[in-house]
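An overview of the molecular structure
In case you want the letters, here they are:
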Amino acid sequence: MRRIFSNPVTALLAGACLRLFFVLQFPAGSGDTSLYEQIASNWLIFGKYALNINGQPVTVDVRVPGYPAFLAILYALTGRTGESARLFVMLAQICVDLGTCVLIGALAALLSILSEHVKPRRAFTAGLWVSALCPLTANYTAVPLTEVWAVFFAALSFLILVVVATRATGGGFSTRVWGDLPNKSFWTLSAFAGFAVGLGTLFRPETPLLLLTTFALLGFWMWRREPGRWLLTCALMTLTCAIPDRKSVV
């Protein structure tokens, strides 16, 4: 029995069952759901990022393009649009949310290295189970809205940003976690962190707040001994964050 519960696959299966329960028993929508569906349908059919106004697709910029793009891809794959495609949308969101659970488990494992009494594998399994069975996030899979993707990119960004932070601290902890990785990996990780936040911005425009808190934390560690490196790190993250949104979809 202990082996079953320590197996990550078991946690993911339990999480999938919980999400399927919400999808099949409590599917829901909101005013924003129909708005996203209209934009996605018009984007796919007419090539316009548009809403239907007076029976005509009119170009708008009322929402960021990430979720409509996700819907448009699913519409193209399934051959269905709007309400008839919602089940496929929610099933896809289950897969995305389970990926988020894996990221949260990885984040727990990374943070467990701070303690000598917690094994990373156990922390990963515990984080995976907690996130997989958390109803407060699992129920979002039953609603065609941005929340599932927002949580996914928040988890991904946090994971990479924690890695960047541990490299920035230097000293014993950084060496214990990463050993003697070359210094250039810090810049690669910083670029990936900014890019992950930028992708999240395509779904929720407030996502760059993660970078602001990270800049403050890195500044606390780096400003006195490496102010130039701190400024370059902030600039690199800001630049790569802007890459996904460099052009308007309109």
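Preceding this section is the structure that the text describes.
Definitions and limits used
- Residues numbered from 1 in each chain as written.
- Predicted model: local features only at pLDDT ≥ 70, side-chain atom pairs only at ≥ 80, totals over all residues.
- Heavy atoms only, no water.
- Phe/Tyr/Trp six-rings, centres within 6.5 Å; stacked < 30°, edge-to-face > 60°.
- Buried < 20%, exposed > 50% of the residue type's maximum accessible area, 1.4 Å probe, protein only.
- Helix = DSSP H or I, 4+ residues; strand = E, 2+ residues; numbered from the N terminus.
- Lys NZ or Arg CZ within 6 Å of the ring centre and 35° of its normal.
- Contact = heavy atoms within 4.5 Å.
- Disulfide = S-S within 2.5 Å.
- Core = buried A, V, L, I, M, F, W, Y, C linked by side-chain atoms within 4.5 Å.

1. Notes on the packing of aromatic side chains
Aromatic ring pairs are defined here through the distance separating the ring centres and the angle between the ring planes. Applying the stated criterion to the full structure yields 14 aromatic pairs. Between Trp43 and Tyr49 the ring centres are 5.1 Å apart and the planes differ by 85 degrees, which places this aromatic pair in the edge-to-face class. Residue class for Trp43 comes out partly exposed when judged on its relative accessible area of 25%. Owing to a relative accessible area of 3%, Tyr49 belongs among the buried residues under this scheme. Residues Trp149 and Phe203 carry aromatic rings whose centres are separated by 5.1 Å and whose planes lie at 15 degrees to one another, so their mutual orientation is stacked. Taken together, the residues span a long stretch of sequence, with Trp149 in helix 8 (residues 147–169) and Phe203 in the loop between helix 10 (184–201) and helix 11 (209–222) at a distance of 54 residues. Taking the relative accessible area as the measure of exposure, Trp149 reaches 16% and is therefore buried. Residue Phe203 is classed as buried on the basis of its relative accessible area of 8%. The ring of Phe186 carries the charged tip of Arg229 above its face, separated from the ring centre by 4.1 Å.

2. Regarding the side chain of Ser112
Tracing the chain through its elements places Ser112 in helix 5 (residues 86–112). Discounting chain neighbours no more than four positions away, the residues touching Ser112 are Val118, Lys119, Pro120 and Ala123.

3. A closer look at the state of the cysteines
If you walk through the whole model with that rule in mind, you get zero disulfides. There is no disulfide at Cys101, and the cysteine sulfur nearest it, in Cys134, is 8.8 Å away. Looking at Cys101, the relative accessible area reads 2%, which means it is buried. For Cys241, which is in no disulfide, the shortest distance to another cysteine sulfur is to Cys234 and amounts to 12 Å. What makes Cys241 buried here is its relative accessible area of 12%.

4. Overview of the nonpolar core
If you look at the biggest cluster of nonpolar residues, it comprises 27 residues, and the most contacted ones within it are Tyr67, Phe70, Leu71, Val89, Trp149, Phe152 and Phe203. Of all the secondary-structure elements, those providing two or more residues to this core are helix 3 (31–46), helix 4 (66–78), helix 5 and helix 8. In terms of residues, this core owes the most to one element, helix 8, which gives eight residues. If we ignore the near neighbours within four places in the chain, the residues touching Val89 are Tyr67, Phe70, Leu71, Leu74 and Pro144. If you look at the next biggest cluster of nonpolar residues, it comprises 18 residues, including Ala193, Val197, Leu218 and Met237.

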